[in-house]
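Remarks on the overall topology
Take a look at the letters that make up each chain.
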Amino acid sequence: MRYVFGNWKMNGTLAFAKEYVDKLLELVRPASVQVALFPPFTALGGFSDFVKGTFLKFGAQNMHYEDSGAFTGEISPVMLKEFDVDYVLIGHSERRHIFLENDEMLMKKVEAAHRHDIPVVFCVGETLEERRSGITRDILKRQLILVQDILSTGDIVAYEPVWAIGTGVTPTMEEIGESISWVKELLKAELPVLYGGSVNKGNAADIARVSEVDGVLVGGASLKVEEFAIIIEAFDQNI
Ligand code: 13P
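Presented here is a report on the structure given in the accompanying data block.

Rules used in this analysis
- The residue numbering used here restarts from 1 in each chain and proceeds along that chain's sequence as written.
- Per-residue local features of the predicted model are confined to residues with pLDDT of at least 70, and side-chain atom pairs are confined, for both listing and counting, to 80 or more; whole-chain, interface and lining totals are unaffected and use all residues.
- Heavy atoms throughout the structure, all of them, feed into the side-chain values; hydrogens and water do not.
- For each residue, the test is whether any non-hydrogen atom lies within 4 Å of the molecule or strand; if one does, the residue is near.
- In protein, a polar contact requires one atom able to donate a hydrogen and another able to accept it; more generally it is a pair of N or O atoms within 3.5 Å, and residues adjacent in sequence count only if both atoms are side-chain atoms.
- For accessible areas, the Shrake-Rupley method is used with a probe of radius 1.4 Å. Any residue's cover is judged against the shown protein chains and nothing else.
- Side-chain classes follow a simple rule in which Ala, Val, Leu, Ile, Met, Phe, Trp, Tyr, Cys and Pro form the nonpolar group, Asp, Glu, Lys and Arg form the charged group, and the remainder, Gly included, forms the polar group.
- Each helix is a run of H or I in the DSSP string that is no shorter than four residues. Each strand is a run of E no shorter than two, and both are numbered from the N terminus.
- Only protein chains enter the accessibility calculation, which uses a 1.4 Å probe. A residue is then buried if its area is under 20% of the maximum for its type, exposed if over 50%, and partly exposed in between.
- Between any two strands, pairing holds if DSSP finds at least two bridges.
- By convention a crossover is right-handed if, when the strands point away from the viewer, the path from the first strand over the helix to the second runs clockwise.
- In this description, a line fitted to the C-alpha atoms serves as the axis of each element, helices being fitted only across the stretch in contact, and the angle between N-to-C directions of two axes falls anywhere from 0 to 180 degrees.
- The sense of a crossing depends on the near helix, which, turned anticlockwise from the far helix by less than a right angle, makes the crossing left-handed and, turned clockwise, makes it right-handed.
- Here a residue-residue contact requires only that any non-hydrogen atoms of the pair lie within 4.5 Å.
- Two aromatic rings, drawn from Phe, Tyr or Trp (for Trp, its six-membered ring), form a pair once their centres lie within 6.5 Å of each other, and the interplanar angle then sorts them: stacked below 30 degrees, edge-to-face above 60, tilted otherwise.
- For a helix, the expected span equals 1.5 Å multiplied by the number of residues minus one.
- The nonpolar core is taken to be a set of buried Ala, Val, Leu, Ile, Met, Phe, Trp, Tyr and Cys residues, with the residues joined through side-chain atoms within 4.5 Å.

1. Regarding the site of the ligand
Taken together, the residues surrounding the ligand are Asn-7, Lys-9, His-92, Glu-160, Ala-164, Ile-165, Gly-166, Gly-197, Ser-198, Leu-217, Gly-219 and Gly-220. In this structure, His-92 approaches the ligand through a side-chain N or O atom, which is 2.8 Å from an oxygen atom. Contact between the ligand and Gly-219: an oxygen atom at 2.9 Å from a main-chain N or O atom of the residue. Protein chains shield 94% of the accessible area of the ligand, which is 310 Å² for the free molecule. Of the residues that constitute the shell around the ligand, the class distribution is 3 nonpolar, 7 polar and 2 charged.

This is the structure in structure tokens:
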């Protein structure tokens with residue numbers, strides 16, 4: 001099984017989501033790829049209706065680790081459970097860098113998701129400066145150290161180099177394979193590891209041929225339904 005996941009970030013109204021899902025269901029019927037979309041919180045309720053009975057899975061982009069309380073603007077695992085999400089993204093680089101989420105907080109989020117039986121897509125990745133300093137492996141190790149024992153069957157890890165996100169630049173296929181192998185070595189359980197960072201219709205087939213890659217987490221290109229369909233097909237064919 002391979003995975004093509006789309007993270008919409010802070011994009012997509014409910015109306016956009018409806019039109020998108022209808023179109024995607026028309027365009028693809030993957031045989032060996034699990035497809036999931038991560039719309040904003042405001043579209044989750046609608047999404048759960050739109051995808052009911054289809055092959056499409058969906059998840060949230062973030063959540064708080066407490067079940068309820070005085071945390072203005074936050075969403076709890078109990079609230080996500082109400083929509084029956086298939087996944088929650090934890091530790092996306094934008095959460096780490098813009099919203100200053102640290103390794104301890106992210107561990108608490110993984111534990112909270114597990115308490116509520118929500119599978120996690122846990123994101124890791126080095127910055128350009130860290131790669132240039134030759135410490136990519138150390139950074140990935142640090143990002144995984146608190147969760148490597150608790151991530152378990154059903155969870156997924158996404159390797160997303162920060163410098164490849166939204167830049168149009170990707171590592172070489174060899175570098176992607178090396179980093180993903182390292183992540184797999186660090187994990188206690190045998191989990192799928194996805195690549196993320198400037199995946200598009202032009203490079204999806206090459207990435208799909210990297211044997212260590214179990215799938216992709218697509219940002220910008222997942223907002224264009226025709227392009228996302230091409231990426232799904234690239235992974236469906238290169239098995
Ligand atoms: P882009 O595909 O836009 O580079 O974003 C990747 C990403 O952050 C997915 O979570």
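2. Description of the side chain of Arg-95
Within the fold, Arg-95 resides in helix H4 (residues 93-97). A distance of 2.9 Å separates the side chain of Arg-95 from the side chain of Glu-101, its partner in a polar contact.

3. Overview of the pairing of strand S6 (residues 156-159)
In S6, alternate side chains face the same way, and those of Ile-156 and Ala-158 on one face and Val-157 and Tyr-159 on the other are all buried. When S6 meets strand S7 (residues 193-196), the two strands line up parallel, connected through 3 bridges. Each bridged residue has a counterpart across the sheet, and for Tyr-159 the counterpart in S7 is Tyr-195. Each parallel crossover has a hand, and the one from S6 via helix H8 (residues 173-186) to S7 is right-handed.

4. Points about the packing of helix H7 (residues 136-144) against H8
Where H7 meets H8, the axes come as close as 10 Å, and the angle between the chain directions of the two elements is 35°. Handedness of the H7/H8 crossing: right-handed. Between H7, through Thr-136, Arg-137, Leu-140, Lys-141 and Leu-144, and H8, the contact on the second element is made entirely by Ser-179, Trp-182, Val-183 and Leu-186.

5. What about the packing of aromatic side chains?
Scanning all chains against the criterion turns up 11 aromatic pairs. On the basis of an interplanar angle of 50° and a centroid distance of 6.4 Å, the ring pair of Phe-47 and Phe-50 is categorised as tilted. One end of the pair, Phe-47, and the other, Phe-50, are both in helix H2 (residues 44-50), 3 residues apart, so they sit about a helical turn from each other. By relative accessible area, Phe-47 is classed as buried at 0%.

6. A look at H8
Working note: α-helix, 3.6 residues per turn, so residues spaced by three or four point in the same direction. Relative to the 20 Å expected for 14 residues at 1.5 Å per residue, H8 spans 20 Å between its end C-alpha atoms, a close match to the ideal helical length. Restricting attention to buried positions, one finds in H8 the residues Ile-176, Gly-177, Ser-179, Ile-180, Trp-182, Val-183 and Leu-186. Close packing links the buried residues of H8 with strand S5 (120-124), helix H6 (128-132), H7, S6, S7 and helix H9 (204-208).

7. Things to note about the nonpolar core
Of all hydrophobic cores here, the largest spans 64 residues; its most connected members are Leu-24, Phe-122, Leu-151 and Phe-235. The element that contributes the greatest number of residues to this core is helix H10 (residues 225-237), accounting for 7 residues. Residue contacts for Leu-24: discarding those within four places in its chain leaves Leu-37, Leu-56, Val-225, Phe-228, Ala-229 and Ile-232. Counting residues in each nonpolar core, the second largest holds 12 residues, with Tyr-3, Phe-38, Leu-89 and Val-121 among its members.

8. Details of the sheet that holds strand S2 (residues 33-38)
Taken in spatial order, the 8 strands of this closed barrel run S1-S2-S3-S4-S5-S6-S7-S8, and their pairing is parallel. Here the average twist between neighbouring strands, direction ignored, is 25°. Here strand S3 (residues 57-60) pairs with strand S4 (residues 87-90) via 2 bridges, running parallel. Residue pairing for S4: Ala-60 is matched across the bridge by Val-88. Here helix H5 (residues 103-115) sits on the sheet in contact with S4 and S5, set at roughly 165° to S5.

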